[in-house]
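Residue strings, one per chain:
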Amino acid sequence: MLPKRLYIVGLGPGDVSLLSPRARSALEASDVIVGYHTYLSQIREVVGGKETAASGMQQEVARAKLAVELTRSGKTVAVVCGGDPGIYGMASLVFEVLREQGWARSAGDIEVEVVPGVPALSAAAALLGAPLSHDFAVISLSDLLTPWEAIALRLELAARADMAIVLYNPKSSRRREQLGIAQEIILRHRAPETPVGIVRNAHREGQNIVVTDLQHLGEHQVDMTTTIVVGNSATFSFEGLMVTPRGYSGKYDLGDGIRTEPRMDIDAH
Ligand code: SAH
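About the thresholds
Residues numbered from 1 in each chain as written. Predicted model: local features only at pLDDT ≥ 70, side-chain atom pairs only at ≥ 80, totals over all residues. Heavy atoms only, no water. Near = heavy atom within 4 Å. Polar contact = N/O pair within 3.5 Å; in protein donor to acceptor, adjacent residues only side chain to side chain. Areas by Shrake-Rupley, 256 points an atom, 1.4 Å probe, with all protein chains shown as cover. Nonpolar A, V, L, I, M, F, W, Y, C, P; charged D, E, K, R; others polar. Patch = residues over 30% accessible without salt bridge, like charges linked within 9 Å, V, L, I, M, F, W, Y side chains within 5 Å. Salt bridge = Lys/Arg side-chain N within 4 Å of Asp/Glu carboxyl O. Helix = DSSP H or I, 4+ residues; strand = E, 2+ residues; numbered from the N terminus. Buried < 20%, exposed > 50% of the residue type's maximum accessible area, 1.4 Å probe, protein only. Pairing = 2+ DSSP bridges. Phe/Tyr/Trp six-rings, centres within 6.5 Å; stacked < 30°, edge-to-face > 60°. Axes fitted to C-alpha atoms, helices over the stretch in contact; angles between N-to-C directions. Parallel < 35°, antiparallel > 145°, perpendicular 65-115°, else oblique. Left-handed = near helix turned anticlockwise from the far one by under 90°. Contact = heavy atoms within 4.5 Å.

Q: How do you make sense of the site of the ligand when you look at a structure like this?
A: Contacts to the ligand come from 19 residues, most closely from Asp 84, Ile 87, Met 224, Thr 226 and Thr 227. Here an oxygen atom of the ligand sits 2.8 Å away from a polar atom, N or O, in the main chain of Asp 84. Ala 120 has a polar backbone atom sitting 2.8 Å from an oxygen atom of the ligand. Protein contact buries 92% of the 550 Å² of open area that the ligand shows by itself. A breakdown of the residues in the shell around the ligand according to their chemical character gives 10 nonpolar, 7 polar and 2 charged.

Here it is as structure tokens:
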């Protein structure tokens, strides 16, 4: 008997041109596609008339369980997810469900393949220029599954260490306070003029790109379809773009005499 196959597929930020060929072939090989309806409509032209199992935003555990159940029933299943499935995505949930069920990798049980996708952080960075060319941290501001104290500590430490910071889940209709608090925390360690990029709906309808600075972050529209990139102390903006140099202190010579020094507050604490 053929092994039962479950694909966990990253669809990228939205536009089907950023769907990888491997993701496309996994979708084509599947009998059923399980996912949030926004993502299913994103890939309608690829999955055509295939059986789909849609569900709402908050039903991720149910979706993971359903995908596993459908695979056990003998179908080849793709559970789909925006961006990359391993970045705040469905992959870990599926593995948690499998572990709960005593799944074993080598015992002729379900075969699982995680198919990577272009994450929002890369899509946003590309639209902004090159803001993540040095060390960076990615922090979700959603405190639905994570205590706010942990989020605040991560913001504090990333800011102190002069890492560029990518903020996921910055704001929703019910969660409106976190972004302002995050801004305050980062401002304790970083200059108000630090470039900040705000990308809404990257590679989707309604795409909007703003390059501003840390002190003016609150003046722009931000929602659940937004990724924010805060630069480090060497990040500069020009021509509406945001660029973080590869190194500090003139380690490479572009002939412009510009030298940058890291601004770290490690000693201040
Ligand atoms: N797995 C996804 C992340 C899911 S968490 C990935 O790899 O990107 C959802 C958050 O991702 C959103 O709140 C937003 O911050 C970001 N996001 C997802 N798609 C986006 C897009 N097209 N444009 C901008 N931000 C996006």
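Q: How should I be thinking about a nonpolar patch on the surface in this particular structure?
A: A cluster of nonpolar side chains, namely Tyr 88, Phe 136 and Val 138, defines an oily patch on the protein surface of about 250 Å² accessible area. Within the secondary structure layout, Tyr 88 lies in the loop between strand E4 (77-81) and helix H5 (91-100). The class for Tyr 88 is partly exposed, based on a relative accessible area of 47%.

Q: When you look at the sheet that holds strand E12 (residues 236-238) in this model, what are you seeing that I'm missing?
A: Two orientations exist for strands paired in a sheet by backbone hydrogen bonds: parallel and antiparallel. Judged by pairing direction, the sheet is mixed, and its 3 strands sit side by side in the order E6-E13-E12 without closing on themselves. The strands lining the two open edges of the sheet, one partner per strand, are strand E6 (129-130) and E12. Sheet analysis places E6 next to strand E13 (residues 241-243), joined by 2 bridges and oriented parallel. Residue pairing across strands places Gly 129 opposite Met 242, the latter belonging to E13.

Q: Sorry if this is basic, but what is going on with the packing of aromatic side chains here?
A: One pair of aromatic rings is described through two measures. These are the centre distance and the angle between the planes. Scanning the model with the defined rule gives 4 aromatic pairs in all. Each ring, one from Tyr 36 and one from Tyr 39, has its centre 5.5 Å from the other, and the planes form 75°; the classification is edge-to-face. Aromatic pair Tyr 88 and Tyr 168: ring centres 5.1 Å apart, planes at 45°, arrangement tilted. Within this pair, whereas Tyr 88 is found in the loop between E4 and H5, its partner Tyr 168 is found in strand E8 (residues 164-168), the two being separated by 80 residues in sequence. Taking the relative accessible area as the measure of exposure, Tyr 168 reaches 11% and is therefore buried.

Q: Just to check I follow, could you spell out the pairing of strand E9 (residues 195-200) for this structure?
A: Each regular strand carries side chains that alternate between the two faces of the sheet. By the criterion of burial, E9 is predominantly enclosed, with 6 of the 6 residues buried. Inspection of the sheet shows E9 paired to strand E10 (residues 208-213) by 6 bridges, in the antiparallel sense. Across the sheet, the residue bridging to Val 199 is Ile 209, located in E10.

Q: Sorry, what's going on with the pairing of E4 here?
A: Taken across its 5 residues, E4 has 5 buried, putting it largely inside the fold. With burial as the criterion, each face of E4 is covered, one bearing Val 77, Val 79 and Cys 81 and the other bearing Ala 78 and Val 80. One ladder, built from 5 bridges, connects strand E1 (residues 5-10) with E4; its direction is parallel. Note that in E4 the partner of Leu 6 across the bridge is Val 77.

Q: I'm lost on the pattern of salt bridges in this one. Help?
A: Opposite charge on two side chains makes pairing possible when the charged atoms of those side chains draw close. Applying the stated rule across the entire model yields 8 salt bridges. For the salt bridge of Asp 109 with Arg 72, the shortest nitrogen-to-oxygen distance reads 3.0 Å. Taken together, the positions of Asp 109 in the loop between H5 and strand E5 (111-115) and Arg 72 in helix H4 (residues 60-72) put the pair 37 residues apart, joining distant regions of the chain. A salt bridge links Arg 188 to Glu 156; its shortest N-O distance comes to 2.8 Å. Here the residue Arg 188 occupies a position in the loop between helix H8 (178-187) and E9, and Glu 156 occupies one in helix H7 (residues 148-160), the gap between them amounting to 32 residues. Residue Arg 188 is classed as exposed on the basis of its relative accessible area of 54%. Each of Arg 5, Arg 22, Glu 111 and Glu 113 takes part in one network of salt bridges that share partners.

Q: What is the right way to look at the packing of H4 against H5 in this model?
A: Two quantities define a packed helix pair, namely the angle between the axes and the distance from one axis to the other. H5 packs onto H4 with a crossing angle of 60° between their chain directions and a minimal axis gap of 9 Å. Classified by the interaxial angle, the pair formed by H4 and H5 is oblique. Taken as a pair, H4 and H5 cross one another with a handedness that is right-handed. Contacts between H4 and H5 involve Glu 60, Val 61, Ala 64, Lys 65, Val 68 and Arg 72 on the former and, on the latter, Leu 93, Val 94, Val 97 and Leu 98. Taken together, the residues of the contact of H4 with H5 break down into 7 nonpolar, no polar and 3 charged.

On their own, these measurements won't tell you what the molecule is for.
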